[in-house]
Amino acid sequence: MLKFPIYLDNHATTPMDPRVLDAMLPYFQDLFGNAASRNHSFGWAAEEAVEKARKQVAALIGATSKEIVFTSGATESNNLAIKGAFEMYAQKGNHIITAATEHKAVLDTCKRLEKHGARVTYLAVRPDGLIDLDLLRESITDKTILVSIMYGNNEIGTVQDIPEIGRICRERGVLLHTDATQAAGKIPVNVNSDNIDLLSLSGHKMYGPKGVGALYVRRKNPRVQLTAQIDGGGHERGMRSGTLNVPGIVGLGKAAELSAQLMPEESVKHAAMRDRLQSLLTAELDEVYINGTMERRLPHNLNISFAYVEGESLLMGINDIAVSSGSACTSATLEPSYVLKALGAGDDLAHSSIRFGIGRFTTEEEIDYTAAKVTDVVKKLRELSPLYEMVKEGIDLTKVEWSAH
Ligand SMILES: *Cc1c(COP(=O)(O)O)cnc(C)c1O
């Protein structure tokens, strides 16, 4: 039985797994202690819960628990990694390399640092969404201290070759930070085999609570140090002060454990649903374009442009399905997605794109309903599109001379 609205926006956030909620509940009331209280059992119980969660998060990414710093989410983790490294390694250099398709939490952090003396290279990406590794190699200079490249992209799902990027960074003695918010818990991520020095992740992107995340900070080969961005009681080994969000951290730990357990089965299931959605849509509709490579992609992501259809009109037509469009991402503005533009998509194709994000609770029935509904609405909108009609009549739109009025 279908229940509406259907949720296919799992890159924006995921619903909490009921098992995560169960794990958290005791820590709101009965076990309310401050994990930093050393003198009584209230504090000890909270500390024990936090240390268990630290192990669970570490296990998800092949780290040790001492390398995990709890934060308020991936935005804070990205800020701490990039600003913290920039300040700590100021003696060594001021150059940071990132990519044009990063999340705003990375891009805007880099922009901020440019006002404080950083030189930042924003690597262009190839039309398939991946960065050019030769371009990365050429961009590293003696002054480069940090490369920040995300693991899986939140709009187009493309998965960068992080192990190879890490190898390049290692060879040149440069730290690698990766925003793994979309990848952690969805595909195997291992800080050692992937040569990662700093890694950001977030609870609410993997069926955990909002407002809690973690930053992995490598402890050896090399030992990475960061300048704290929030000062106070010296929590989290001085890297992030503030009373720990014990229920949130317990939830993040449980979410990490569940994701690690379910990943083999879930990733296959989601990729099959994703491929089914794609083939149903492409069987019925022409002029649809997949954004980002299908070769290296998160299993739960599909991003498609439906040419000659306005993304906003399409969204309104399918208002019983929760998805995102390439023009609605930056909330209030109708700017087309900067990620799609970085792939070289024209404004019209960027505007006509839809991001489908499959999740733990998505059913096959929902996929079939979505495919049928999108197909129907796209066909109806195109019936109203003079451009689509012209194309069908064989007119080459690039050769048309439009009059100004
Ligand atoms: C959601 C997201 C973030 C921000 O995470 P919060 O925990 O909401 O701060 C950062 N990077 C990527 C890739 C994301 O998808």
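What counts, and where the lines are drawn
Residues numbered from 1 in each chain as written. Predicted model: local features only at pLDDT ≥ 70, side-chain atom pairs only at ≥ 80, totals over all residues. Heavy atoms only, no water. Core = buried A, V, L, I, M, F, W, Y, C linked by side-chain atoms within 4.5 Å. Buried < 20%, exposed > 50% of the residue type's maximum accessible area, 1.4 Å probe, protein only. Helix = DSSP H or I, 4+ residues; strand = E, 2+ residues; numbered from the N terminus. Domains from an automatic or database assignment. Contact = heavy atoms within 4.5 Å. Buried area = accessible area lost by both parts, 1.4 Å probe. Salt bridge = Lys/Arg side-chain N within 4 Å of Asp/Glu carboxyl O.

Undergrad: Can you explain the nonpolar core? Please cite residues and give values.
TA: Grouped together as the largest cluster of nonpolar side chains are 58 residues, with contacts concentrated most on Ile61 and Ile165. Per-element accounting of this core gives the leading share, eight residues, to helix H2 (residues 41-61). Built from parts of two domains, this core gets at least three residues from each of domain 1 (6-10 + 263-396) and domain 2 (18-259). The residues touching isoleucine 61, leaving out its near neighbours within four places in the chain, are Ile68, Val189, Asn190, Val191, Leu199, Leu201 and Tyr216. Counting residues in each nonpolar core, the second largest holds 24 residues, with Ile321, Phe356, Ala371 and Val377 among its members.

Undergrad: Describe unusual backbone geometry, with residues and values.
TA: For the bond running from phenylalanine 4 to proline 5, omega is -5 degrees, close enough to zero to count as cis. By the secondary structure assignment, proline 5 is in the segment before strand S1 (6-7). The omega torsion across asparagine 221 and proline 222 is -5 degrees, close enough to zero to call that bond cis. In the Ramachandran plot, tyrosine 207 falls in the positive-phi region, its phi being about 70 degrees despite a non-glycine side chain. Counting through the fold element by element, tyrosine 207 comes out in the loop between strand S7 (198-202) and strand S8 (213-217). Even without glycine at this site, glutamate 236 takes up a positive phi of about 50 degrees. Within the secondary structure layout, glutamate 236 lies in the loop between S8 and helix H7 (246-284). Here glutamate 236 falls in the buried class, since its relative accessible area comes to 8%.

Undergrad: An account of the side chain of histidine 300 is needed here, citing residue identities and associated values.
TA: By the secondary structure assignment, histidine 300 is in the loop between strand S9 (288-290) and strand S10 (301-306). By relative accessible area, histidine 300 is classed as buried at 1%. Among residues more than four places away in sequence, those in contact with histidine 300 are His11, Gln182, Lys186, His270, Phe356, Gly357 and Ile358.

Undergrad: Which residues make up the domain arrangement of the protein, and what values go with them?
TA: Here the protein is partitioned into domain 1 (6-10 + 263-396) and domain 2 (18-259). Each of domain 1 and domain 2 has a C-alpha centre, and the two are 30 Å apart. Facing 26 residues of domain 1, the contacting portion of domain 2 comprises 34 residues. Buried surface at the junction of domain 1 and domain 2, both sides included, amounts to about 2500 Å², of which 58% is carbon and sulfur. At the junction of domain 1 and domain 2, the tally comes to zero salt bridges.

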